[in-house]
Every structure is written in C-alpha cells, then in structure tokens.
Amino acid sequence: MRSLWIYPEDTEALGVACKSLLKVLQPRYQKIALFSPIRPYDGGCEGFLGCDGLNPLEFHSAIDKQKALELVSAAQEELLFETILKRYDGLQTTHDFVINLGYAPKFFLNALLDLNTTLAKHLNAPIVAVAQTSLERLKAMHSHILNKEAPFAVGLLAGEMLEKPNFLSASLCKQRCELEADLIESVLQTKSKITTPLAFQMSLEKKAKKQIKKVVLPESEDERILKAAHRLNAMGAVGLILLGDKEVINSQAKNLNLNLENVEIIDPNTSHYREEFANNLYELRKSKGLSEQEAKQLVLDKTYFATMLVHSGYAHAMVSGVNHTTADTIRPALQIIKTKPGVSLVSSVFLMCLDTQVLVFGDCAIIPNPSPKELAEIAITSAQSAKQFNIVPKVALLSYATGNSAQGEMIDKINEAREIAQRLDPQLEIDGPLQFDASIDKSVAKKKMPNSQVAGQASVFIFPDLNAGNIAYKAVQRSAKAVAIGPILQGLNKPINDLSRGALVEDIINTVLISALQAQD
C-alpha cells in the first residue's frame with residue numbers, strides 16, 4: 001500500500017492538490033482513500049467535498065476535532081496519535097493508496113503539534129508540500145520538513161513557476177487541477193523508511209496478534225505487572241499467566257480498577273504442576289547435585305516455576321525482573337532452558353527507538369568483558385535478533401578508532417572478532433573497528449571507510465564491553481529521549497526476558513510483546 005501526505009499552505013491549496021493527485025492516481029489504483037486524521041478540518045474537507053471527482057464517501061477520519069483537543073489538553077498526545085495510527089492501519093488493509101489530507105497553519109491543533117511533519121513521520125507517508133502565495137513560501141515549507149526529518153516527496157506551486165529550486169518541485173495548473181506530466185512518476189518512486197517509536201511499538205502489537213503466544217509473569221505482587229496485564233489483556237495480542245494467590249491478585253486488581261478476566265492465574269503452592277515440575281527439575285539437575293527435596297522446594301520459587309512452565313510448553317515465554325536481579329531471572333533459564341545449539345552464551349540487545357529509526361545496541365546488560373570469540377557470537381545473535389523485528393542487519397563492531405587508523409590490544413580484539421564472525425556467518429554484513437560516527441553517518445564514512453558496506457549505514461551496533469554498551473544506551477535514552485526496549489535476552493532455547501527494577505508499565509508491555517514475537521514460528 002502506498003500513501004502521500006499533502007502539506008498545504010491553506011485549505012484552497014489542499015483542495016487543488018488533492019484533486020490533481022486523484023486525477024493521476026485513479027487510473028493507476030482501484031481503491032484510493034482520502035484520510036483526514038482529525039475531522040472536521042476547519043472547513044477543509046467540507047470545503048471541497050462537493051467538488052467534481054471527490055465523493056464524500058471516500059473520506060475517512062480517526063477522531064473529531066473536539067475529542068482531539070480534549071486529549072491534547074490532558075497531555076495525552078500519544079493516545080491521539082495512537083488512535084490515528086490504528087485507523088490508518090485499517091485503511092492500509094482495505095485500500096491500494098491513501099492520500100492523507102494535511103493541515104493549514106491556521107488550524108489550532110496544527111500550531112500546537114506540528115501535525116504535518118509529525119503525522120507524516122508516524123504514517124511513513126512522503127510529503128507533498130503545496131503553496132500558492134509564493135515560491136519563497138514553498139521553500140520555507142521544504143526547509144521545515146527537512147529540519148523535522150520528515151519524509152519529502154515533492155514541492156508544488158499552484159501557479160506559474162519561473163524558476164525551479166534545487167529540490168524536486170513542479171508547477172500545478174490551479175484552474176484545471178493538472179500536474180506536470182512527468183511529475184507523478186517521480187513522486188511515486190519516492191520511498192520512506194522512517195519508523196517512529198510509536199509506529200514501531202504499534203507494529204509489535206500487530207505482529208503479536210498474527211500468532212498469539214502465552215507469556216508468564218511471575219511477579220504479580222507488583223502493581224506495575226497488574227497494570228501491564230490489564231492493558232495487554234485489553235489489547236488481545238498475547239495470552240497471559242500470572243503467578244500467585246488468585247484471591248489476592250483479583251482483590252488487588254479490583255482495588256486498582258483493572259480487568260484481568262481473560263488472564264490465567266496459577267498459584268505454585270497449590271498447582272497440579274508442582275509435582276511434575278519438581279520431578280522434571282530433579283532429573284535435569286541431579287547430575288549437578290540437586291536432591292529431590294531441594295527440587296520440590298525450588299519449584300515453589302515463582303521464577304523457577306515460571307521457567308518450568310516455559311520449559312514444559314505450558315507457556316511460550318517468561319518476563320521477570322521488576323522485583324528481582326538479572327542474575328535471579330537468568331539463573332533458572334541457564335539451568336533449565338539452556339542455550340541454543342551452537343550458542344555458548346546468553347547476551348542481550350536493546351532496541352533503541354529514535355525519532356525516525358530503530359537501532360540495535362548489544363551487549364548492554366550481560367557479558368562484562370567479552371573475548372573476541374564471544375564478541376563475534378554477540379554480533380551474530382544480535383543480527384538474528386534484528387531480523388526478527390524487520391531490521392536489516394548491518395553490523396558495526398565499535399571502537400575508539402576506525403579501520404587501521406590506530407593499533408592496540410582493543411583494536412586487535414575487534415579485528416579478531418570480525419574475522420571469527422565472518423568465518424562463522426559468511427553472509428553477515430559486518431565491519432570494524434568503527435567509531436560510532438563512521439558507522440552511522442555516511443559523510444563521515446565516506447572519508448574514513450569509503451569501501452565499507454557497513455560504514456555510514458549500520459543498524460546493529462556491537463560495543464567492545466559492557467561498560468561501553470551500558471553507558472551508551474543510557475546516554476542515548478536520556479539525552480536523545482529515545483525509547484529503549486530491553487534488555488532482550490538472546491541465545492536461549494526459549495524466550496526469557498529481564499526487566500529493569502525501575503521498569504515502567506510501558507516497558508513491561510513492550511517486553512511482553514517482544515517475548516511473544518520471539519516465540520513465534
């Protein structure tokens with residue numbers, strides 16, 4: 001499904017651009033939707049509903065203006081954008097093309113939220129900027145779009161244009177609503193790969209719903225877990241198991257006004273699984289000196305019980321850690337779930353959701369000082385994790401120097417890790433040592449590593465040790481206001497994921513959805 005966002009100087013320019021686009025798109029696409037996310041559009045939609053070629057039934061919206069204003073006044077802008085994204089997602093499944101009707105400066109909510117660039121990024125819809133007052137106005141709109149890192153398709157001037165600026169632009173016949181003949185091909189070739197944090201998080205929900213998996217949350221005593229369970233339950237993207245006393249959990253949920261109607265609750269102390277799990281745990285660990293009595297006691301621990309649920313196939317994944325250390329969460333998994341064939345260690349990645357893209361950082365939580373072989377393994381498993389979330393892996397092994405510009409023990413370690421990774425996975429696109437700027441900025445890469453297939457376009461960033469990785473992810477999270485999803489554990493036979501003890505409800509929801517996706521076929 002293709003889409004464009006019309007960014008108009010005024011409502012008249014919106015109408016002219018919309019009709020002009022429809023003229024050239026209707027012969028090419030069978031089902032075209034006109035989407036005005038917030039309706040009514042201060043006379044915009046209604047102002048050209050009756051025009052030739054525009055059927056009122058073709059208009060769609062997500063929310064009315066008053067309701068949108070109420071959400072903004074309550075500081076719930078994200079809920080507003082979420083509502084719009086969900087409606088847009090529905091249109092994507094039923095239409096071949098969506099023309100998004102943008103907003104003129106006089107629209108109050110646009111002045112508050114910069115709707116044109118913000119929504120174009122969320123919807124990943126290239127912008128058609130339309131002005132009719134002057135070419136300077138069009139240039140200013142183009143500059144604003146680029147400054148906001150929004151996707152840009154073309155600039156249109158509704159009138160005669162004596163000069164063409166250095167960005168792709170064209171004139172538009174206002175009276176006949178006709179675009180220049182060769183313009184539409186250029187517009188349709190414009191592609192955007194922008195992913196905002198909200199769009200990425202909503203894509204997790206969408207993917208999880210395709211194959212529902214059951215996730216166990218052992219820490220039901222924490223109200224953050226119960227609040228996350230309530231929202232996940234309403235979402236319908238995963239099945240949930242809470243561990244604990246059913247009466248206590250339901251009472252706490254009632255006090256918090258939460259609905260856990262479809263959530264399964266299991267008490268390890270009274271569960272019929274208790275004997276089965278104790279016997280299985282004993283068989284798994286007797287060679288390590290575990291006695292039958294110790295096994296019976298151990299399965300009463302919620303983390304061990306939850307891990308046994310996953311091991312036995314009664315649940316597909318476990319998420320824990322709001323009241324436990326990382327070691328407490330991982331230890332049962334290493335003893336029971338164990339690592340995948342060919343994988344010698346458990347490592348982690350964070351999905352760093354920046355304003356317009358999602359990057360993978362590893363390892364930022366588990367391995368303190370990886371050897372070259374361990375670093376290579378982290379790089380390979382991190383690339384595999386990236387693929388699970390539709391991120392094309394281009395792996396940068398990070399260091400304080402790029403290429404052969406420096407020598408030393410750390411540089412030797414990175415070079416050896418790269419060679420091992422290339423030997424283990426010849427198809428993997430990996431390079432290093434790379435400084436961060438050379439790995440992500442094409443202009444820097446062109447100077448420092450001009451022949452690299454990774455430099456300047458890396459998506460997976462492997463840090464030389466835990467010190468660097470942990471500092472980096474927290475620095476980006478706090479200073480760039482990035483959404484950091486993780487740590488996502490990798491290398492285990494089945495998904496077991498750890499939460500920070502300072503995790504927010506949103507963090508828990510994201511981790512549960514990630515875990516469900518890891519469990520999918």
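Residues numbered from 1 in each chain as written. Predicted model: local features only at pLDDT ≥ 70, side-chain atom pairs only at ≥ 80, totals over all residues. Heavy atoms only, no water.

A. Representation of the pairing of strand β14 (residues 317-320). Residue alternation in β14 divides its side chains into two sets, Ala317 and Val319 and Met318 and Ser320, and both sets are buried. Bridging between strand β11 (residues 214-217) and β14 involves two bridges; their strand directions are parallel. Note that in β14 the partner of Val215 across the bridge is Ala317. Examined bridge by bridge, β14 and strand β21 (residues 496-498) share three bridges and lie parallel to one another. Considered in β21, the bridge of Met318 is made with Ile496. (Buried < 20%, exposed > 50% of the residue type's maximum accessible area, 1.4 Å probe, protein only. Helix = DSSP H or I, 4+ residues; strand = E, 2+ residues; numbered from the N terminus. Pairing = 2+ DSSP bridges.)

B. Quick look at the layout of surface pockets. One number sums up the size of the largest pocket: a volume of about 1800 Å³. Lining the largest pocket are 48 residues; nearest its centre among them are Asn124, Ser192, Lys193, Ile194 and Thr195. If you list the elements that add at least two residues to the lining of the largest pocket, you get β1 (2-8), α4 (77-94), α6 (115-123), α9 (197-210) and β16 (358-362). The leading source of residues in the lining of the largest pocket is α9, at eight residues. Of the residues assigned to the lining of the largest pocket, the class counts are 20 nonpolar, 14 polar and 14 charged. Here the second largest pocket is characterised by a volume of approximately 650 Å³. In this structure, the second largest pocket is lined by 30 residues; those nearest its centre are Tyr473, Gln477, Gly486, Ser500 and Asp507. Elements that contribute at least two residues to the lining of the second largest pocket include exactly α20 (466-479), β20 (483-490) and α21 (505-519). Among the residues making up the lining of the second largest pocket, the classes are represented as twelve nonpolar, twelve polar and six charged. (1 Å grid on protein atoms, 1.4 Å probe; cavity = no way out; pocket = protein on both sides within 12 Å on 5 of 7 lines; lining within 4 Å. Points joined across faces, edges and corners; volume = space filled by probe spheres on them. Nonpolar A, V, L, I, M, F, W, Y, C, P; charged D, E, K, R; others polar.)

C. Representation of the sheet that holds β16 within the structure. Overall, mixed pairing links the six strands, which are arranged β18-β17-β19-β16-β15-β20 in an open sheet. A single partner strand is all that each edge strand has here, and the edge strands are β18 (430-434) and β20. Neighbouring strand axes in the sheet, compared pairwise and without regard to direction, differ in orientation by 25° on average. In terms of strand pairing, strand β17 (residues 395-398) meets strand β19 (residues 460-462) through three bridges, oriented parallel. (Axes fitted to C-alpha atoms, helices over the stretch in contact; angles between N-to-C directions.)

D. Up close: the pattern of salt bridges. Applying the stated rule across the entire model yields 16 salt bridges. A salt bridge links Glu9 to Arg137, with the shortest nitrogen-to-oxygen separation between them at 3.2 Å. A residue pair is termed long-range when its members are at least 10 positions apart, and Glu9 in the loop between β1 and α1 (11-25) and Arg137 in helix α7 (residues 135-147) qualify at 128 residues. For Glu429, the salt bridge identified is with Lys394, shortest N-O distance 2.9 Å. With a gap of 35 residues between them, Glu429 in the loop between α17 (409-424) and β18 and Lys394 in the loop between α16 (372-388) and β17 connect regions that are remote in the sequence. You can call Lys394 buried: its relative accessible area is 15%. (Salt bridge = Lys/Arg side-chain N within 4 Å of Asp/Glu carboxyl O.)

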